[in-house]
Amino acid sequence: MWSPTQPSEPAMWSPTSSQHPRSPTSSQASLGGAPPQPLTSYRLKNQGKRIAQIVKLKPEFVEEYKKCHARVWPEVLKQIKNSNIEDYSIFHDPGTGILFASFKYVGYDWAGDMERMRENPKVREWWKMTDSYQESMVPGAKSSEDGEPAWWKGVEEVFYNP
């Protein structure tokens, strides 16, 4: 068994020359004489883009909206996750009726992920229900399902302190 102090082999990261360190896939780093194994390549996780949006909640639907969001359908939650959306929150300002949504998109294909979201029948059913509780602030918006113009209005980030 290989050990970092084994005298027959130098330490894994000790240089083989003054300029080139050995990689962990070199034959000297193999355990028990087994052939070297290539390193697995990993795609770094996208650090994400923070997105914020607003829509108006109709006053007669405040309690219903809160109830349905206390028990979001599992299929909708799964699709949100599968669409590379994380850290999703919705806030309500009772004085203005504004709903403020904030989330982080960590994917690499926003249009494709949103299309897959739109293709999910349970998500479309959810949107039909929740859209009926809301008033879009985007001129010409018809529904969440229609996509463009967007139902929720994007808002500009003016400050961030990580």
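In what follows, the accompanying structure is described. (Residues numbered from 1 in each chain as written. Predicted model: local features only at pLDDT ≥ 70, side-chain atom pairs only at ≥ 80, totals over all residues. Heavy atoms only, no water.)

Observations regarding the packing of helix α2 (residues 74–82) against helix α4 (residues 121–131)
Defined as follows: The axes are straight lines fitted to the C-alpha atoms, using for helices just the contacting stretch, and the angles between their N-to-C directions are given from 0 to 180°. Numbering of helices and strands runs from the N terminus, with a helix taken as a DSSP run of H or I at least four residues long and a strand as a DSSP run of E at least two residues long. Angular relationships are summarised with four words: roughly parallel below 35 degrees, roughly antiparallel beyond 145, roughly perpendicular across 65 to 115, and oblique for the angles in between. The criterion used for residue contact is that any of the two residues' heavy atoms lie within 4.5 Å. Gly is put with the polar residues, along with every residue not named as nonpolar or charged; the nonpolar set is Ala, Val, Leu, Ile, Met, Phe, Trp, Tyr, Cys and Pro, and the charged set is Asp, Glu, Lys and Arg.
Look at α2 against α4: their axes get within 9 Å of each other, and the N-to-C directions meet at 110 degrees. What the angle tells us is that α2 and α4 run roughly perpendicular. Residues E75, V76 and Q79 of α2 form the contact with α4, whose own contacting residues are K122, V123 and W126. Looking at the contact of α2 with α4 residue by residue, the classes come out as three nonpolar, one polar and two charged.

Here's the deal with a nonpolar patch on the surface
Spelled out, the test is: Every patch collects residues that have over 30% relative accessible area and no salt bridge, joining them within 9 Å if they carry like charges and within 5 Å if they are nonpolar side chains (Val, Leu, Ile, Met, Phe, Trp, Tyr). The Shrake-Rupley method, run with a 1.4 Å probe, gives the accessible areas here. Residue values count only the displayed protein chains as cover. What makes a salt bridge here is a side-chain nitrogen of Lys or Arg within 4 Å of a carboxyl oxygen of Asp or Glu, nothing more.
On the surface, a cluster of nonpolar side chains totalling about 250 Å² of accessible area is made up of F91, F100 and V155. Mapping F100 onto the fold places it in strand β3 (residues 98–105).

Considerations on the pairing of strand β1 (residues 49–57)
The side chains of a regular strand alternate between the sheet's two faces. As a reminder, the rule being used: A pair of strands is considered paired only if DSSP assigns at least 2 bridges between the two.
Bridge count for β1 against β3 is eight bridges, and the pairing is antiparallel. Paired with I51 across the bridge in β3 is F103. Bridge count between β1 and strand β4 (residues 134–135): two bridges; the pairing is antiparallel. Its bridge partner being in β4, K56 is matched across the sheet by E135.

Quick notes on the packing of aromatic side chains
Applied cut-off: Planes of paired rings set the category: under 30 degrees apart is stacked, over 60 is edge-to-face and the rest tilted, where pairs are Phe, Tyr or Trp rings (Trp by its six-membered ring) whose centres lie within 6.5 Å. Here, a charge over a ring means that NZ of Lys or CZ of Arg falls within 6 Å of the ring centre while also lying within 35 degrees of the ring normal.
Applying the stated criterion across every chain, the model contains seven aromatic pairs. Each member of the aromatic cluster is reached from another via a ring pair, and the members are Y88, F103, Y105 and W110. A cation over an aromatic ring shows up here: R50 above the ring of Y160, its NZ or CZ 3.1 Å from the ring centre. For the cation-ring pair, K122 lies above W73, with the distance from its terminal atom to the ring centre recorded as 4.9 Å.

Worth remembering: the numbers are spatial, not functional.
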